[in-house]
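Structural characterization, general
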Amino acid sequence: MDERHGSGSELPAAPLEDAELRALTLDGMVALAAAMLRRGLENPSSPLRKPALATVKASGAPAVRTVILRSVDLATRKLGLFTDARSRKAAELGAEPRAELLFYDPACDIQLRLSGRAEIRVGDEAAWASAAPPSRRAYLVTAPPGTPSAEPVSGLPADVAGIIPSLERMEEGRANFAYVEISLTEADIVVLSRAGHRRARIRFQADGEHAEWLVP
Ligand SMILES: Cc1cc2nc3c(=O)[nH]c(=O)nc-3n(C[C@H](O)[C@H](O)[C@H](O)COP(=O)(O)O)c2cc1C
């Protein structure tokens, strides 16, 4: 995915109308996918900032949850997420790296599904350095996420609850911090319109990306 495409290189503010839909090329579909990821990264209040991450449990059942999009590299087709190394999703991705991310923008009615393979890097230095202090604090939680509790709890130690602790104190959470890097293998994008829908698949391969139209 790159920024070469003219048509559709910006994210529309509303669902596409008839003429815009007819003008949409395959390159335009690829550009829309890239624009969605850029918007998610650049605009913290966009729903595209918070995709759903799907993994596979050991039983073969699906598992899905909201995550925050932390990094996007369109040139290498890699996305980055933060998570707790003790979380269920980290274990699931460790055992089965295939994952999907679902993005949906209600303003323009466009859905983007990304498939890829995840690599988990516990304590990753560059990612940890890029994490804002409120994000870092979450990794001081003492018991693993999902541990049952007899009462409502934040899980944070008493000395850091309700405050942003010193950088030094937060460093103690770094062993629980994991950077999840997802190398994309495929994208599936659906553009909904009253004029008729459009759908395309983009395969990311060693020799480049290959896009094709699909019946929506
Ligand atoms: C808006 C929102 C954003 C979230 N972002 C993240 C995130 O970036 N990373 C993460 O591990 N969990 C995030 N969560 C929590 C997860 O959705 C999930 O509840 C938690 O990580 C436990 O998931 P698991 O048991 O499947 O590992 C977020 C939750 C919400 C509601």
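Look up a bit, the structure's there.
Residues numbered from 1 in each chain as written. Predicted model: local features only at pLDDT ≥ 70, side-chain atom pairs only at ≥ 80, totals over all residues.

All right, on to the nonpolar core then. Judged by nonpolar contacts, the single largest core of 43 residues is most densely connected at Leu32, Ala33, Met36, Leu112 and Ile189. Elements represented by at least two residues in this core include exactly α2 (26-42), β4 (78-84), α3 (88-95), β5 (98-105), β6 (110-122), β7 (177-191) and β8 (198-205). Sequence-distant contacts of Met36, defined by excluding residues within four places in its chain, comprise Leu11, Leu48, Phe103, Asp105, Ile110 and Leu112. (Core = buried A, V, L, I, M, F, W, Y, C linked by C-beta atoms within 7 Å. Buried ≥ 20, exposed ≤ 12 C-beta atoms within 10 Å, placed from the backbone. Helix = DSSP H or I, 4+ residues; strand = E, 2+ residues; numbered from the N terminus. Contact = placed C-beta atoms within 7 Å.)

Further remarks concern α2. Spanning 17 residues, α2 covers 24 Å between terminal C-alpha atoms, matching the ideal 24 Å at 1.5 Å per step. Every buried residue of α2 is listed here: Met29, Val30, Ala31, Leu32, Ala33, Ala34, Ala35, Met36, Leu37 and Gly40. Looking at the buried side of α2, the elements it contacts are β3 (71-73), β5, β6, β7, β8 and β9 (208-214). (Expected span 1.5 Å × (residues − 1).)

Sheet topology places β5 next to β6; 8 bridges connect them, and they run antiparallel. Within β6, the position partnered with Tyr104 by the bridge is Gln111. Direction of pairing for β6 relative to β7: antiparallel, over a ladder of 13 bridges. Bridge pairing in β7 links Ser115 to Glu186. (Pairing = 2+ DSSP bridges.)

Another point: the site of the ligand. Within the structure, the ligand sits among 15 residues, and Arg65, Thr83, Ser87, Arg88 and Lys89 are positioned closest to it. Within the residue set of the shell around the ligand, elements represented by two or more residues are β2 (62-66), β4 and α3. A breakdown of the residues in the shell around the ligand according to their chemical character gives 6 nonpolar, 4 polar and 5 charged. (Near = placed C-beta within 6 Å. Nonpolar A, V, L, I, M, F, W, Y, C, P; charged D, E, K, R; others polar.)

With that settled, the discussion passes to the environment of Ala90. By secondary structure assignment, the location of Ala90 is in helix α3. Residue Ala90 is classed as buried on the basis of its C-beta count, with 21 C-beta atoms lying within 10 Å. Taking the C-alpha atoms as reference points, Ala90 and Gly162, separated by 72 residues in sequence, lie 27 Å from one another. The residues contacting Ala90, other than those within four sequence positions of it, are Thr83, Asp84, Ala85, Ile120 and Ala178.

Of the positions making up α3, those classed as buried are Lys89, Ala90, Glu92 and Leu93. One face of α3 carries all of its buried residues, which in axial projection span an arc of 165 degrees. In the core, the buried residues of α3 are packed alongside β1 (52-56), β2, β4, β5, β6 and β7. (Arc of directions from axis to C-beta.)

A separate point is unusual backbone geometry. Although it is not a glycine, Arg77 sits at a positive phi angle of roughly 55 degrees. Along the chain, Arg77 falls in the loop between β3 and β4. In this structure, Asp109 is a non-glycine residue whose phi angle is positive, near 55 degrees. Looking at where Asp109 falls in the secondary structure, it is placed in the loop between β5 and β6.

What follows is about the environment of Asp73. Here Asp73 shows up in strand β3. Looking at Asp73, the number of C-beta atoms within 10 Å reads 15, which means it is partly exposed. Sequence separation between Asp73 and Leu93 is 20 residues; the distance between their C-alpha atoms is 20 Å.

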